[in-house]
Amino acid sequence: MSVPLAAEGSVLRAAAGAATVELAELSPPGGLLLVMPHPDDETLGCGQALAAAADAGRDIGLVLVTDGEGSHPGCHPGDIVGLRQAELEAALAVLSPGRAIAVLRLGLRDGHARRDALSGERWQALLGFAQSYDPRAVWTTSPLDPHCDHRAAHAIAHDLAEHCGAALWSVPVWGRFGERALPESELRLFEASALAERKRCALAAYRSQFTELIADPEAFRMPKPLLAHFAAHPEIFHRG
Ligand SMILES: [Zn+2]
């Protein structure tokens, strides 16, 4: 996936006229399960809504599809995994300060994740984790995202939501940029200005992704205008 340079595109234009959505609709009281492809997608895509859900006492679990080791191809994968885990823990502690959010790491290969890599005992273990939250809602990345790990996360979340009888909500991360078809379901916006600062603090935990922390010429680095966009823009959700 090539990284876009500007925060513009068909989804963002459509979102400008979208209706808002309240937390009670996104995550009714009870369990909430997130299925995210990489550490940082949960904060970029829905950090404010996640903080709101934590503040409202939702029982939250996070399934992490890959460890994100592919962000720095010039580094030892073990070093990157450890760093990104620590960043994720720090971000989640900011978003959910009252209660730790448990993370189930699936450990699929970054950049190559597929739904059908999970079957048999691996699928049963994942299903057991999901069912332990009795989720009323599952949040994941959107099938609009032009990234196989993000689409794999969506496919996994779709199947978990179906098994658990939970509502599925998707968050376009990369799919909001560029010209692409809109989802069949309407876009909805979540914004809680009182939580904006917590989202900015959680984003700041991801130093390996958003700063010059690691000298790797091949590394992924979020362009500054896009980071500013994610920090400031209302969060975009759609059903399914
Ligand atoms: Zn991602």
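Here the structure is a predicted model, which means the values were calculated and not measured.

How each quantity is defined
- Residues numbered from 1 in each chain as written.
- Predicted model: local features only at pLDDT ≥ 70, side-chain atom pairs only at ≥ 80, totals over all residues.
- Core = buried A, V, L, I, M, F, W, Y, C linked by C-beta atoms within 7 Å.
- Buried ≥ 20, exposed ≤ 12 C-beta atoms within 10 Å, placed from the backbone.
- Helix = DSSP H or I, 4+ residues; strand = E, 2+ residues; numbered from the N terminus.
- Contact = placed C-beta atoms within 7 Å.
- Axes fitted to C-alpha atoms, helices over the stretch in contact; angles between N-to-C directions.
- Parallel < 35°, antiparallel > 145°, perpendicular 65-115°, else oblique.
- Nonpolar A, V, L, I, M, F, W, Y, C, P; charged D, E, K, R; others polar.
- Pairing = 2+ DSSP bridges.

Undergrad: Got a minute to help me understand the nonpolar core in this structure?
TA: Across soluble globular proteins, nonpolar side chains have a tendency to be buried as a group. Counting 62 residues, the largest nonpolar core has Leu-33, Val-35, Val-65, Val-138 and Leu-160 as its most contacted members. Broken down by element, the residue count for this core peaks at eight residues, all from helix 3 (residues 41-55). With residues near it in sequence (within four places) discarded, Val-35 still touches Val-63, Val-65, Val-138, Thr-140, Ala-153, Ile-156, Ala-157 and Leu-160.

Undergrad: Help me understand the packing of helix 4 (residues 77-95) against helix 7 (residues 196-204) in this model?
TA: Packed helices, taken two at a time, are described by the angle between their axes plus the distance between the axes. Running from amino to carboxyl end, helix 4 crosses helix 7 at an angle of 170°, the nearest separation of the two axes being 8 Å. When the axis of helix 4 is compared with that of helix 7, the two are roughly antiparallel. Note on element contacts: helix 7 touches helix 4 through Arg-198, Cys-201 and Ala-202, opposite Ala-91, Val-94 and Leu-95. Residue composition of the contact of helix 4 with helix 7, by class: five nonpolar, no polar and one charged.

Undergrad: Quick question: what am I supposed to make of the pairing of strand 4 (residues 102-108) here?
TA: Regular strands place their side chains on alternate faces of the sheet. Taken together, the five bridges between strand 3 (residues 59-66) and strand 4 define a ladder with parallel strand orientation. Residue Leu-64 lies in a different strand from strand 4, and its bridge partner there is Arg-105.

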